[in-house]
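Read off the chains here:
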Amino acid sequence: MKEVKDITYPTEILWARAKELVNEDYVPLSLLMRQLGSPAPTITWNPQIDALPQSDLKFLLQWWNDSRGEKMAASPADVDPFKLRPILGKLAVLDVLNGGEEFKYRLYGSVIIQEPGKDLTGKLLSEIWTPMRSFFAITYRAILLRKEPLYTRHEPHHSLKMTTWDRLILPLSNGNDVERIIVALVPVHTNKSSFEHM
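Nothing here was measured: the structure is a model prediction, and the numbers come from that model. Throughout this description, residue numbers start from 1 for each chain and increase along the sequence as written. Local features in this predicted model are restricted to residues whose pLDDT is 70 or higher, and side-chain atom pairs enter the listing and the counts only when it is 80 or higher, whereas totals over whole chains, interfaces and linings include all residues. Excluded from the side-chain calculation are hydrogens and water; included are all heavy atoms of the structure.

Caption draft 1: Main features of the environment of Gly-37. For the purposes of this entry, the term helix denotes a DSSP run of H or I that reaches at least four residues, the term strand denotes a run of E that reaches at least two, and both are numbered from the N terminus. Within the secondary structure, Gly-37 is located in the loop between helix H2 (27-35) and strand E1 (42-45). Only protein chains enter the area calculation, which uses a 1.4 Å probe; residues under 20% of their type maximum are buried, those over 50% are exposed, and those in between are partly exposed. Exposure remark for Gly-37: the relative accessible area of 28% places this residue in the partly exposed category. When the C-alpha atoms of Gly-37 and Glu-155 are compared, they prove to be 9.5 Å apart, with 118 residues separating the residues in sequence.

This is the structure:
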(Lines give C-alpha, C1' and ligand atoms only; values in the text may rest on other atoms or scores of the structure.)
Protein backbone atom coordinates (compact mmCIF):
# COMPACT_ATOMS: atom_id res chain seq x y z
CA MET A 1 0.00 0.00 0.00
CA LYS A 2 1.36 3.38 -0.98
CA GLU A 3 1.85 5.88 1.81
CA VAL A 4 -0.02 9.15 1.77
CA LYS A 5 1.95 12.03 0.29
CA ASP A 6 2.13 15.48 1.83
CA ILE A 7 3.34 17.73 -0.97
CA THR A 8 3.72 21.48 -0.61
CA TYR A 9 3.25 23.25 -3.93
CA PRO A 10 4.63 26.73 -4.72
CA THR A 11 2.07 29.53 -4.69
CA GLU A 12 2.52 29.97 -8.45
CA ILE A 13 1.33 26.40 -9.00
CA LEU A 14 -1.67 26.87 -6.73
CA TRP A 15 -2.73 30.04 -8.55
CA ALA A 16 -2.25 28.37 -11.93
CA ARG A 17 -4.48 25.45 -10.93
CA ALA A 18 -7.04 27.92 -9.51
CA LYS A 19 -7.18 29.84 -12.80
CA GLU A 20 -7.63 26.59 -14.71
CA LEU A 21 -10.41 25.63 -12.32
CA VAL A 22 -12.08 28.99 -12.97
CA ASN A 23 -11.93 28.26 -16.71
CA GLU A 24 -13.36 24.77 -16.09
CA ASP A 25 -10.19 23.04 -17.23
CA TYR A 26 -10.14 20.25 -14.67
CA VAL A 27 -7.41 18.01 -16.08
CA PRO A 28 -4.43 19.70 -14.34
CA LEU A 29 -6.24 19.60 -10.98
CA SER A 30 -7.06 15.92 -11.49
CA LEU A 31 -3.37 15.22 -12.16
CA LEU A 32 -2.41 17.10 -9.00
CA MET A 33 -4.90 15.06 -7.00
CA ARG A 34 -3.39 11.90 -8.44
CA GLN A 35 0.01 13.06 -7.14
CA LEU A 36 -1.61 13.33 -3.72
CA GLY A 37 -2.94 9.79 -4.01
CA SER A 38 -6.59 10.77 -4.47
CA PRO A 39 -9.01 10.34 -7.38
CA ALA A 40 -10.20 13.28 -9.43
CA PRO A 41 -12.72 15.40 -7.51
CA THR A 42 -16.22 16.20 -8.65
CA ILE A 43 -16.47 19.89 -9.54
CA THR A 44 -19.58 21.96 -10.34
CA TRP A 45 -19.71 25.74 -10.67
CA ASN A 46 -22.98 27.52 -9.91
CA PRO A 47 -24.91 24.39 -8.91
CA GLN A 48 -28.67 24.56 -8.94
CA ILE A 49 -30.22 24.05 -5.52
CA ASP A 50 -32.22 21.02 -6.63
CA ALA A 51 -29.08 19.45 -8.14
CA LEU A 52 -27.13 19.47 -4.87
CA PRO A 53 -26.92 15.97 -3.35
CA GLN A 54 -27.55 16.85 0.30
CA SER A 55 -30.16 18.91 2.13
CA ASP A 56 -27.59 20.83 4.21
CA LEU A 57 -25.93 22.09 1.02
CA LYS A 58 -29.31 23.11 -0.37
CA PHE A 59 -30.08 25.00 2.85
CA LEU A 60 -26.83 26.98 2.67
CA LEU A 61 -27.20 27.89 -1.00
CA GLN A 62 -30.79 29.02 -0.43
CA TRP A 63 -29.64 31.18 2.50
CA TRP A 64 -26.84 32.66 0.37
CA ASN A 65 -29.19 33.47 -2.51
CA ASP A 66 -31.77 35.02 -0.20
CA SER A 67 -29.13 37.07 1.64
CA ARG A 68 -27.42 38.47 -1.43
CA GLY A 69 -30.55 39.51 -3.31
CA GLU A 70 -29.27 41.37 -6.38
CA LYS A 71 -25.72 41.63 -5.04
CA MET A 72 -22.77 39.56 -6.20
CA ALA A 73 -22.64 37.66 -2.92
CA ALA A 74 -23.92 37.59 0.62
CA SER A 75 -22.09 39.87 3.03
CA PRO A 76 -19.94 38.68 5.94
CA ALA A 77 -22.46 40.51 8.14
CA ASP A 78 -25.22 38.24 6.81
CA VAL A 79 -23.68 35.24 8.57
CA ASP A 80 -26.25 34.98 11.36
CA PRO A 81 -25.80 31.98 13.70
CA PHE A 82 -29.54 31.96 14.38
CA LYS A 83 -30.53 31.78 10.71
CA LEU A 84 -27.85 29.19 10.02
CA ARG A 85 -28.51 27.21 13.19
CA PRO A 86 -29.74 24.02 11.43
CA ILE A 87 -26.34 23.58 9.77
CA LEU A 88 -24.05 25.71 11.93
CA GLY A 89 -22.02 22.75 13.14
CA LYS A 90 -21.23 21.80 9.55
CA LEU A 91 -19.91 25.20 8.50
CA ALA A 92 -16.44 26.67 8.21
CA VAL A 93 -15.82 30.37 7.68
CA LEU A 94 -12.44 31.54 6.44
CA ASP A 95 -10.87 34.99 6.30
CA VAL A 96 -9.01 35.84 3.11
CA LEU A 97 -5.48 37.05 3.90
CA ASN A 98 -2.97 38.77 1.61
CA GLY A 99 -5.17 38.61 -1.44
CA GLY A 100 -5.62 34.87 -1.18
CA GLU A 101 -2.06 33.88 -0.41
CA GLU A 102 -3.38 32.55 2.90
CA PHE A 103 -6.68 31.68 4.57
CA LYS A 104 -7.53 31.64 8.27
CA TYR A 105 -10.31 29.64 9.87
CA ARG A 106 -12.62 32.08 11.62
CA LEU A 107 -15.11 29.33 12.46
CA TYR A 108 -14.88 25.55 12.29
CA GLY A 109 -18.12 23.72 12.99
CA SER A 110 -18.45 21.40 15.95
CA VAL A 111 -20.06 18.61 13.93
CA ILE A 112 -17.03 18.50 11.63
CA ILE A 113 -14.76 18.00 14.62
CA GLN A 114 -14.95 14.32 15.44
CA GLU A 115 -11.54 14.05 17.06
CA PRO A 116 -10.27 15.88 20.15
CA GLY A 117 -7.87 18.69 19.34
CA LYS A 118 -8.93 18.99 15.73
CA ASP A 119 -10.68 22.35 16.04
CA LEU A 120 -9.16 24.52 13.32
CA THR A 121 -10.69 27.79 14.51
CA GLY A 122 -7.97 30.45 14.46
CA LYS A 123 -5.54 28.34 12.42
CA LEU A 124 -4.07 29.09 9.00
CA LEU A 125 -4.76 26.76 6.12
CA SER A 126 -1.01 26.40 5.58
CA GLU A 127 -0.63 25.10 9.15
CA ILE A 128 -2.88 22.10 8.60
CA TRP A 129 -1.32 18.73 7.96
CA THR A 130 -3.33 17.07 5.24
CA PRO A 131 -2.50 16.09 1.66
CA MET A 132 -5.73 17.88 0.70
CA ARG A 133 -4.38 21.23 1.88
CA SER A 134 -3.33 22.17 -1.65
CA PHE A 135 -6.71 21.17 -3.06
CA PHE A 136 -8.49 23.40 -0.57
CA ALA A 137 -6.16 26.32 -1.32
CA ILE A 138 -6.83 25.95 -5.05
CA THR A 139 -10.61 25.86 -4.65
CA TYR A 140 -10.62 28.85 -2.28
CA ARG A 141 -8.44 30.87 -4.65
CA ALA A 142 -10.73 29.95 -7.51
CA ILE A 143 -13.65 31.38 -5.50
CA LEU A 144 -11.75 34.68 -5.19
CA LEU A 145 -11.30 34.81 -8.95
CA ARG A 146 -14.70 33.64 -10.18
CA LYS A 147 -16.78 34.87 -7.21
CA GLU A 148 -19.45 32.21 -7.68
CA PRO A 149 -20.68 29.14 -5.76
CA LEU A 150 -18.59 25.99 -6.14
CA TYR A 151 -19.59 22.43 -5.26
CA THR A 152 -16.94 19.74 -4.85
CA ARG A 153 -16.77 16.12 -3.77
CA HIS A 154 -13.33 14.82 -2.83
CA GLU A 155 -11.99 11.55 -1.54
CA PRO A 156 -8.83 11.40 0.60
CA HIS A 157 -5.99 8.98 0.02
CA HIS A 158 -7.26 5.43 0.62
CA SER A 159 -4.59 4.74 3.25
CA LEU A 160 -6.11 7.37 5.54
CA LYS A 161 -9.40 5.45 5.72
CA MET A 162 -11.29 8.70 5.91
CA THR A 163 -14.59 9.98 4.65
CA THR A 164 -15.55 11.27 1.23
CA TRP A 165 -16.83 14.81 1.64
CA ASP A 166 -19.26 17.10 -0.16
CA ARG A 167 -18.41 20.79 0.06
CA LEU A 168 -20.34 23.87 -1.00
CA ILE A 169 -18.01 26.88 -1.11
CA LEU A 170 -19.54 30.37 -1.25
CA PRO A 171 -18.01 33.85 -1.43
CA LEU A 172 -18.84 36.57 1.10
CA SER A 173 -18.35 40.16 0.04
CA ASN A 174 -19.32 43.77 0.72
CA GLY A 175 -18.23 44.95 -2.71
CA ASN A 176 -16.18 43.65 -5.60
CA ASP A 177 -13.66 41.59 -3.64
CA VAL A 178 -14.28 38.38 -1.72
CA GLU A 179 -13.49 39.05 1.94
CA ARG A 180 -14.48 35.72 3.47
CA ILE A 181 -15.53 32.30 2.37
CA ILE A 182 -18.21 30.12 3.92
CA VAL A 183 -18.13 26.37 3.38
CA ALA A 184 -20.61 23.64 4.20
CA LEU A 185 -18.92 20.26 4.75
CA VAL A 186 -21.08 17.14 4.75
CA PRO A 187 -19.82 13.55 4.78
CA VAL A 188 -20.90 11.22 2.02
CA HIS A 189 -19.97 8.11 3.99
CA THR A 190 -19.77 7.99 7.78
CA ASN A 191 -16.36 7.02 9.15
CA LYS A 192 -14.42 7.33 12.37
CA SER A 193 -12.17 10.21 11.38
CA SER A 194 -12.92 13.51 9.70
CA PHE A 195 -9.70 15.49 9.69
CA GLU A 196 -9.37 15.21 5.92
CA HIS A 197 -12.02 17.72 4.91
CA MET A 198 -11.06 21.27 5.83
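Caption draft 2: View of the layout of surface pockets. Taken as a whole, the largest pocket spans an internal volume of roughly 200 Å³. Here a cavity denotes grid points, spaced 1 Å and computed from the protein atoms alone, that fit a 1.4 Å probe unable to get out, and a pocket denotes an open set having protein on both sides within 12 Å along at least 5 of 7 lines; residues with an atom within 4 Å of a point are the lining. In terms of lining, the largest pocket is formed by 14 residues, of which the most central are Leu-14, Ser-126, Arg-133, Ala-137 and Arg-141. For the lining of the largest pocket, the leading source of residues is helix H4 (residues 133-146), giving four residues. Class assignment of the residues belonging to the lining of the largest pocket gives a composition of six nonpolar, four polar and four charged. Grid points are joined across faces, edges and corners, and a volume is the space filled by probe spheres set on the points. Under the grouping applied here, Gly and all other residues not named as nonpolar or charged are polar, the nonpolar ones being Ala, Val, Leu, Ile, Met, Phe, Trp, Tyr, Cys and Pro and the charged ones Asp, Glu, Lys and Arg.

Caption draft 3: Molecular detail of the packing of aromatic side chains. Geometry of aromatic contacts follows a simple scheme: Phe, Tyr and Trp rings, the Trp one being its six-membered ring, pair when their centres are within 6.5 Å, and the pair is stacked under 30 degrees between planes, edge-to-face over 60, tilted otherwise. Counting across every chain of the model gives three aromatic pairs. Arranged with centres 5.5 Å apart and planes meeting at 65°, the rings of Phe-103 and Tyr-140 form a pair that is edge-to-face. In this pair, Phe-103 sits in strand E3 (residues 102-108) while Tyr-140 sits in helix H4, placing the two residues 37 residues apart along the sequence. Summarising the aromatic geometry, the rings of Tyr-105 and Tyr-108 are spaced 5.6 Å apart at their centres and angled 80° between planes, so their arrangement reads as edge-to-face. Each member of the pair, Tyr-105 together with Tyr-108, is buried.

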